[in-house]
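Observations on the model geometry
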Amino acid sequence: MPIPSLFDGRLTLPVVASPMFIVSGPELVISQCKAGIVGSFPSLNARPADELPRWLTRIEGELAAARREDPEARIAPYAVNLIVHPSNPRLEQDLAVCVEHRVPLVITSLSPPETVVPAVHSYGGLVFHDVINVRHARKAVAAGVDGLILVCAGAGGHGGTLNPMALVAEIRRFYEGPLLLSGAISRGDQILAAQAMGADMAYIGTRFIASSEANAVSDYKAMVTDSTIADIVYTDLFTGVNGNYLRGSIEAAGLDPDDLPDRGGRQVSVREEGAKQSAWRDIWGAGQGVGSIDAVLPVAEIVDGLIREYHQALGRVERQSAVFLKETVV
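When you line up the elements, R207 lands in the loop between strand 8 (201-204) and helix 8 (218-226). Other than its neighbours up to four places away in sequence, R207 contacts S186, I293, A295, L297 and I302.

Next up on the list: the packing of aromatic side chains. Under the defined criterion, the tally for this structure stands at four aromatic pairs. Taking 6.5 Å as the distance between ring centres and 70 degrees as the angle between the ring planes, the aromatic pair formed by F7 and F128 counts as edge-to-face. Here F7, found in the segment before strand 1 (15-17), pairs with F128, found in strand 5 (residues 126-131); they are 121 residues apart in sequence, far enough to count as distant. Take F7: its relative accessible area is 4%, and that puts it in the buried class. If you follow R138 out to its NZ or CZ, it ends over the ring of F174, 4.0 Å from the centre.

Another point: the environment of F41. By the element assignment, F41 lies in strand 2 (residues 39-42). Judged by its relative accessible area of 0%, F41 is buried. Leaving out residues up to four positions away in the same chain, F41 has contacts with P19, S24, V29, L52, W55, L56, I59, A79, V80 and N81.

The next thing to look at is the packing of helix 1 (residues 26-34) against helix 2 (residues 51-69). Contact pair helix 1 / helix 2: the axes reach a minimum separation of 10 Å and the direction vectors enclose 25 degrees. By the angle between their axes, helix 1 is roughly parallel relative to helix 2. Crossing geometry of helix 1 relative to helix 2 is assigned as right-handed. Packed against helix 1, whose contacting residues are P26, E27, V29, I30, C33 and K34, the element helix 2 presents W55, R58, I59, E62, L63 and A66 at the interface. Of the residues assigned to the contact of helix 1 with helix 2, the class counts are eight nonpolar, no polar and four charged.

Attention shifts here to the side chain of S249. Within the secondary structure, S249 is located in helix 9 (residues 247-252). Take S249: its relative accessible area is 1%, and that puts it in the buried class. At 2.8 Å, the side chain of S249 and the backbone oxygen of L246 are in polar contact. When residues no more than four places from it in sequence are discounted, the contact partners of S249 are M223, D282, I283 and W284.

Moving on, we come to the sheet that holds strand 6 (residues 147-151). Judged by pairing direction, the sheet is parallel, and its eight strands sit side by side in the order 1-8-7-6-5-4-3-2 without closing on themselves. With one partner strand each, in any of the chains shown, strand 1 and strand 2 form the two edges of the open sheet. Direction aside, neighbouring strands of the sheet carry axes that sit 25 degrees apart on average. Relative to strand 4 (residues 105-109), strand 3 (residues 78-83) runs parallel, the two being bridged by five bridges. Pairing of L82 across the sheet is with T108, part of strand 4.

Moving on, we get to the packing of helix 2 against helix 3 (residues 91-101). At their nearest, the axes of helix 2 and helix 3 sit 10 Å apart, and the two run at 25 degrees to each other. In this view, helix 2 runs roughly parallel relative to helix 3, as classed from their interaxial angle. The two elements helix 2 and helix 3 meet at a crossing, and its hand is right-handed. In contact with L52, P53, L56, T57 and E60 of helix 2, helix 3 contributes D94, V97 and H101. Classifying every residue of the contact of helix 2 with helix 3 gives four nonpolar, two polar and two charged.

For the rest of this paragraph, the subject is the layout of surface pockets. The volume enclosed by the second largest pocket comes to roughly 200 Å³. In terms of lining, the second largest pocket is formed by 14 residues, of which the most central are S186, R207, S292, L297 and E309.

The next subject is helix 5 (residues 134-142). For helix 5, every residue scored as buried is listed here: V134, A137 and A140. Looking straight down helix 5, one finds its buried side chains confined to an arc of 120 degrees; they lie on one side. For helix 5, the elements touching its buried residues are strand 5, strand 6 and helix 6 (164-171). Of the residues flanking the start of helix 5, the one acting as N-cap is N133, its side-chain oxygen 3.3 Å from the backbone nitrogen of R135. Following helix 5 by one or two positions, G144 adopts a phi angle in the positive range, close to 90 degrees.

Right, let's talk about the confidence of the model for the chain for a bit. Confidence in the prediction for the chain averages 92 pLDDT; 92% of positions are at 70 or higher. Counting interchain partners and residues more than four positions distant, the pLDDT-below-50 stretch residues 267-278 has 26 contacts.

With 77 residues, the main nonpolar core has Y78, L148, L150, I171, I191, F208 and L246 as its most contacted residues. Judged by nonpolar contacts, the second largest core, of 17 residues, contains F7, V16, A76 and I149.

Note on pairing: side chains with opposite charge can pair once their charged atoms come close. Following the criterion strictly, the structure yields eight salt bridges and no others. For E62, the salt bridge goes to R58, with nearest N and O atoms at 3.0 Å. Of this pair, E62 and R58 are both found in helix 2, four residues apart, which corresponds to roughly one turn of the helix. Given the relative accessible area of 31%, E62 is considered partly exposed. With its nearest N and O atoms 3.5 Å apart, the salt bridge here joins E309 to R187. With a gap of 122 residues between them, E309 in helix 12 (residues 299-329) and R187 in the loop between strand 7 (179-182) and helix 7 (188-196) connect regions that are remote in the sequence. One network of salt bridges, with partners in common, ties together D50, E51 and R54.

Calculation notes
Residues numbered from 1 in each chain as written. Predicted model: local features only at pLDDT ≥ 70, side-chain atom pairs only at ≥ 80, totals over all residues. Heavy atoms only, no water. Helix = DSSP H or I, 4+ residues; strand = E, 2+ residues; numbered from the N terminus. Contact = heavy atoms within 4.5 Å. Phe/Tyr/Trp six-rings, centres within 6.5 Å; stacked < 30°, edge-to-face > 60°. Buried < 20%, exposed > 50% of the residue type's maximum accessible area, 1.4 Å probe, protein only. Lys NZ or Arg CZ within 6 Å of the ring centre and 35° of its normal. Axes fitted to C-alpha atoms, helices over the stretch in contact; angles between N-to-C directions. Parallel < 35°, antiparallel > 145°, perpendicular 65-115°, else oblique. Left-handed = near helix turned anticlockwise from the far one by under 90°. Nonpolar A, V, L, I, M, F, W, Y, C, P; charged D, E, K, R; others polar. Polar contact = N/O pair within 3.5 Å; in protein donor to acceptor, adjacent residues only side chain to side chain. Pairing = 2+ DSSP bridges. 1 Å grid on protein atoms, 1.4 Å probe; cavity = no way out; pocket = protein on both sides within 12 Å on 5 of 7 lines; lining within 4 Å. Points joined across faces, edges and corners; volume = space filled by probe spheres on them. Arc of directions from axis to C-beta. pLDDT = per-residue confidence, 0-100. Core = buried A, V, L, I, M, F, W, Y, C linked by side-chain atoms within 4.5 Å. Salt bridge = Lys/Arg side-chain N within 4 Å of Asp/Glu carboxyl O.

In structure tokens, the structure reads:
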């Protein structure tokens, strides 16, 4: 499917870096965009609220300077994540700031973004929406979004439970627009696999926790590099919404990862989330792709590695396909 013109000639890989609570800030976003992938952050990471316009001004200024210094460089646009939920007291204010700054891509989550879409479209911006199932996808499409982000099994944070192959295939039956795929993607060959199954781009978060520019404490980064798929715990205890977290951080908080209570679906509001920010800093989210992450590296090196793996996988698939086609023709 066609990728929006916003990305034409500006990407080194078909990747949007997902916005991560606390972890994603201006330094990470700027480095991601300079490396040729879309960098993003949740607006709520900018605390207090009047920090948001300052963050946007810094990001825009540094990216503009980089483009002036090297007009041929592939420098990606940036994105801001807005939590569309009645408990978010900053939604209206943060949306107004995004409109004022003409943020090129707004990523929405939790509820259909009926109020966000017309505001962002008023200046020509795009809205992509997080979904974990077909019902959510249909609601987002009805709201007029420009793209869907399929948050599948294994994704860090509030990951879904559905198989990516099944979900992509079912949504492609009624939606032809841009699809981003999320869920345990931490290698370049997995980016290619996402495209092969029908997505347009990959949505990657956990890989960038273990980056020099991430706003994560060193113990968090080290735990990501030391963990495997067996160290990811799926629970609704911390927010009322099921998500994936690092076993080691749960144990460090004095809890038994194998015997966690169930919240029964009661969600923590954005206000509660903010009030308990110190607790959130100690319970660390991550996806099932941690087993492929071995080192903390600068973003530029991470993206270079993804590019190399992507092209190696492409060559491998082309060779395998050529052999298979030759055998079937004979």
